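# Tertiary structure, described
Read off the chains here:
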Amino acid sequence: MFNVCKNYTIILYRIIIFPLKIIILAQKISCFYKLIKTAKVMVQKLLFVVMFLTTTIFINSCKQTEKKTDEKESNKKTEIQMKVEQYAKVKLTSDLSVLSENQKKMLPILFEVADIMDDLFWKDAIGNKEEFLNSIEDEAIKQFAMINYGPWNRMDGDKPFIEGYGEKPPGANYYPKDITKEEFEAWEDKDKTSWYTLVRRDDNGKLINVPYHVEYKTEIEKAATLLKKAAELADDPGFNNYLELRAEALLTDDYLASDLAWMDMKDNIIDFVVGPIESYEDQLFGCRAAHSGQILIKDIEWSKKLERFGELLPKLQASLPCDEKYKQEKARTNSDMNVYDVIYYAGDCNAAGKNIAINLPNDPRVHEQKGSRKLQLQNAMKAKFDKILVPISDVLMAEDQRQYVKFDAFFENVMFHEVGHGLGIKNTINGKGTVRDALKEHYSAIEENKADILGLFLVSKLYEMGEYPEKDLMDNFVTFMAGIFRSVRFGVASAHGKANMMRFYYFQEQGAFNRDETTGTYSVNFEKMKEAMNSLADMILTIQGEGDYEASKKLIDEKGFIREDLQKDLDRLNEAGIPIDIVFEQGIDVLGI
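In this report, the structure presented in the accompanying data block is examined. Keep in mind that this is a model prediction, so the values were computed, not measured. (Residues numbered from 1 in each chain as written. Predicted model: local features only at pLDDT ≥ 70, side-chain atom pairs only at ≥ 80, totals over all residues. Heavy atoms only, no water.)

### Examining the overall build of the protein chain
Applied cut-off: What counts as a helix is a DSSP run of H or I of at least four residues, what counts as a strand is a run of E of at least two, and both are numbered from the N terminus. Whether a residue is buried, partly exposed or exposed follows from its accessible area with a 1.4 Å probe, protein chains only, as a fraction of its type maximum: under 20%, in between, or over 50%, in that order. Residue exposure ignores everything except the shown protein chains as possible cover, and the areas themselves are Shrake-Rupley values with a 1.4 Å probe.
Along its length, the protein chain carries 22 helices and 13 strands. When burial is assessed residue by residue, the protein chain has 51% of its 593 residues classed as buried. Split by element, the accessible area of the protein chain, about 28300 Å² in all, is 53% carbon and sulfur.

Have a look at this one:
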């Protein structure tokens, strides 16, 4: 019975209990599977959340980086735009009612020639204008590049403001980029210092001279044709002759005849300074001329006021504060001084800092025969005085001396700066040739220093001669001091900047001015500045007369830069929002013709 029950139990277990266990086990397995499945889903969800958060953080990080990059780029654009806005806009106009119908017809032709000079200066400075400008996408940067005729800030030591451009080549585009001074000095070519050639390499890598009229044949021939067309409309015979000869000069690179003809013009109302003129762009050797064009309208009334000074030039030359041997060259009484409104700037004269006076020609052969002409650009001068010099004086000149900053004094200082260029000495006394050749790349800075200091000296001398009986020379001295601050904002890349720095530090050493540490303002010591004026003039004229290259180099190396203390004061001018220079609204439309 027991066995039967046992067997029954076994059977029952096998039939009922065992399957039930299997079912329970299956349920457990199923639950475990569901648990695993649930866990898997949870892990998947967790991974999704982690991935989502990581992606979100990454995207936000990228956005923040992009935002910072955009902000940085925006700030950069703002900085460039601020630099553009540092140039005060000035509309160039004049009273055209003084012109004849032919003269009015002539103006558009002269504008076209000036624009050709503008295109050629781009080639002088950097090369292909269109290729360069088309590579710039930002409008503010392009605008600033057009002001500077390239990617280097001419008013800030020629520092590059566009990525990818290094330091400005000192020889601009006049020389191969890899040329060295030693190679140039060793080069045997009688025309290697010609004003009117480009230095290039032939197929063998040797240096060669290429005349402007060959390199720029298409542009030059067009400009010459237009000048001859303009000559047909010239009422004045002297101006007609000049335009004809200037056309020939462009075609041959021989400018002597046209320069002499320019000196002979006396009665023309329109004047046109055109061609390769100044050599400041060539900071490597200082002997390549840059293309330029300026159209001028004579102010007859103002010009008459200056006529009497021309006949005083020999007496002024004899009075220079230097040894007699450095002032034996004769000053020409027929060197005329006239006042103009300038109605167009193009090329070299339009690059960043604008000239407000002209002393030409530069050829010493012309100086020996006929002297030079001094042209005062009254409307541009007045714009710089009102918009720049007066605000600078309000920041940096002592309050009790600001009353002496006057336009008449500014005009006289600038005018006699140009007269100063024509005085002194052009040829060394010891057989070293011309002063320009002897001083080489330092000539321009030394010559500008001479003209500046002689300008102040000449005003003082004319006062002593009774030519300015009612003048207060303090006007000229304080205005001169304020003018240094205006000019050194050009930086020291230019000859004018170096000249002003040399003079500033020489004055400082001589006690010609004082600086109030509390207010950070400057005041002129009249007597000491007068003494410093005479001694600096003597030093410069001696360096030039001796053709002392080493002395000129030493003077520039020691004083031709902006030191930290002065830079802090100049920075205050920028913080005050004072324009650094002027930029023009100009052209046919502005004149209404």
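### Concerning the pattern of salt bridges
Threshold: Salt bridge, as used here, is a side-chain nitrogen of Lys or Arg placed within 4 Å of a carboxyl oxygen of Asp or Glu.
Throughout the structure, instances matching the rule amount to 34 salt bridges. A salt bridge links Asp363 to Arg365, with the shortest nitrogen-to-oxygen separation between them at 2.7 Å. In this structure Asp363 comes out as buried when scored by relative accessible area, which is 15%. Residue Lys461 is joined to Glu464 by a salt bridge in which the shortest nitrogen-to-oxygen separation is 3.1 Å.

### Re the pairing of strand β8 (residues 337–347)
A regular strand carries its side chains on alternate faces of the sheet. Defined as follows: DSSP-based pairing: two strands are paired if at least 2 bridges between them are found.
Burial within β8 is extensive, with 11 of its 11 residues counted as buried. With 7 bridges connecting them, strand β7 (residues 291–298) and β8 associate as antiparallel partners. Paired with Gln294 across the strands is Tyr345, a residue of β8. Sheet analysis places β8 next to strand β10 (residues 373–377), joined by 4 bridges and oriented parallel. Bridging across to β10, Met337 finds its partner in Lys374.

### Regarding the side chain of Arg373
Selection rule: Two N or O atoms form a polar contact when they lie within 3.5 Å of each other; inside protein one atom must be a possible hydrogen donor and the other a possible acceptor, and for residues adjacent in sequence the pair counts only when both atoms belong to side chains. Here, two residues are considered to be in contact whenever any of their heavy atoms come within 4.5 Å of each other.
Here Arg373 shows up in strand β10. According to the relative accessible area criterion, Arg373 is buried, its value standing at 1%. Here the side chain of Arg373 touches Tyr340 through a polar contact of 2.9 Å, side chain to side chain. Sequence-distant contacts of Arg373, defined by excluding residues within four places in its chain, comprise Trp262, Met263, Met265, Asp271, Asp336, Tyr340, Ile358, Asn359 and Leu360.

### Regarding the pairing of strand β12 (residues 521–524)
Where burial is concerned, the two faces of β12 agree: the one with Thr521 and Ser523 and the one with Tyr522 and Val524 are both buried. Both strand β11 (residues 513–516) and β12 contribute to a ladder of 4 bridges, which runs antiparallel. Bridge assignment links Asp516 to a residue of β12, and that residue is Thr521. As consecutive antiparallel partners, β11 and β12 are separated by 4 residues, and within that stretch Gly520 has a phi angle of approximately 70°, a positive value.

### Quick notes on the environment of Leu306
Along the chain, the position of Leu306 falls in helix α10 (residues 300–310). In the structure, Leu306 is positioned 32 residues away from Asn338 in sequence and 6.8 Å away in space, judged by C-alpha atoms. When residues no more than four places from it in sequence are discounted, the contact partners of Leu306 are Met337, Val339, Gln376, Phe411 and Met415.

### Notes on unusual backbone geometry
Cis rather than trans, the peptide bond between Leu360 and Pro361 has omega equal to 0°. As for its placement among the helices and strands, Pro361 is situated in the loop between β9 (357–360) and α12 (364–370). Within the chain, Tyr149 stands out as a residue other than glycine whose phi angle is a positive 50°.

### What to know about the packing of aromatic side chains
As a reminder of what qualifies: Here the aromatic set is Phe, Tyr and Trp, taking the six-membered ring for Trp, and pairing holds for ring centres within 6.5 Å; pairs whose planes are under 30 degrees apart are stacked, those over 60 apart are edge-to-face, and all others are tilted. Both a distance and an angle decide whether a charge sits over a ring: NZ of Lys or CZ of Arg must be within 6 Å of the ring centre and within 35 degrees of the ring normal.
Summed over all chains, the structure comprises 29 aromatic pairs. Aromatic side chains Tyr175 and Phe184 sit 6.0 Å apart centroid to centroid with 85° between the ring planes, which places their arrangement in the edge-to-face category. Phe184 matches Tyr175 in its accessibility class, with the two residues each being buried. Between the aromatic rings of Phe385 and Phe407, the centroid separation amounts to 5.6 Å while the plane-to-plane angle is 70°, which identifies the pairing as edge-to-face. Taken together, the positions of Phe385 in helix α13 (residues 378–396) and Phe407 in helix α14 (residues 407–422) put the pair 22 residues apart, joining distant regions of the chain. For Phe385, a relative accessible area of 7% gives the class buried. Of note, Lys471 hangs over the ring of Tyr468, and the distance from its end group to the ring centre comes to 5.3 Å.

### Topic: the sheet that holds β10
Applicable threshold: Here an axis means a line fitted to C-alpha atoms, over the contact stretch when the element is a helix, while the angle between two N-to-C directions is reported on a 0 to 180 degree scale.
Ordered by their spatial adjacency, 5 strands build an open sheet running β6-β7-β8-β10-β9, and the pairing between neighbours is mixed. With partners counted over all chains shown, the strands left at the sheet margins are β6 (270–276) and β9, one partner each. For this sheet the average axis-to-axis angle between neighbouring strands, irrespective of direction, equals 35°.

### Observations concerning the packing of α14 against helix α17 (residues 473–488)
Heads up, the condition is: Any angle that falls under 35 degrees is termed roughly parallel, while one over 145 is termed roughly antiparallel, one within 65 to 115 roughly perpendicular, and all others oblique. Here the term charged refers only to Asp, Glu, Lys and Arg, the term nonpolar to Ala, Val, Leu, Ile, Met, Phe, Trp, Tyr, Cys and Pro, and the term polar to all other amino acids, Gly among them.
Where α14 meets α17, the closest approach of the two axes is 9 Å, and the angle between their N-to-C directions is 70°. In terms of their interaxial angle, α14 and α17 are classed as roughly perpendicular. Along its contact with α14, which presents Ala409, Phe410, Glu412 and Asn413, the element α17 presents Asp475, Asn476, Thr479, Phe480 and Arg486. Partitioned by chemical class, the residues of the contact of α14 with α17 number 3 nonpolar, 3 polar and 3 charged.

### Some words on the nonpolar core
Note the following rule: Nonpolar cores were defined as sets of buried Ala, Val, Leu, Ile, Met, Phe, Trp, Tyr and Cys residues, with membership established by side-chain atoms within 4.5 Å.
In this structure, Phe272, Met481, Phe485, Phe504 and Phe507 are the most contacted members of the largest nonpolar core, which totals 182 residues. Per-element accounting of this core gives the leading share, 13 residues, to helix α2 (residues 101–125). With residues up to four places along the chain from it excluded, the contact list for Phe507 reads Ile453, Phe480, Ile484, Ala512, Phe513, Met529, Ala532 and Met533.

Everything listed is a geometric property; what it means functionally is a separate question.
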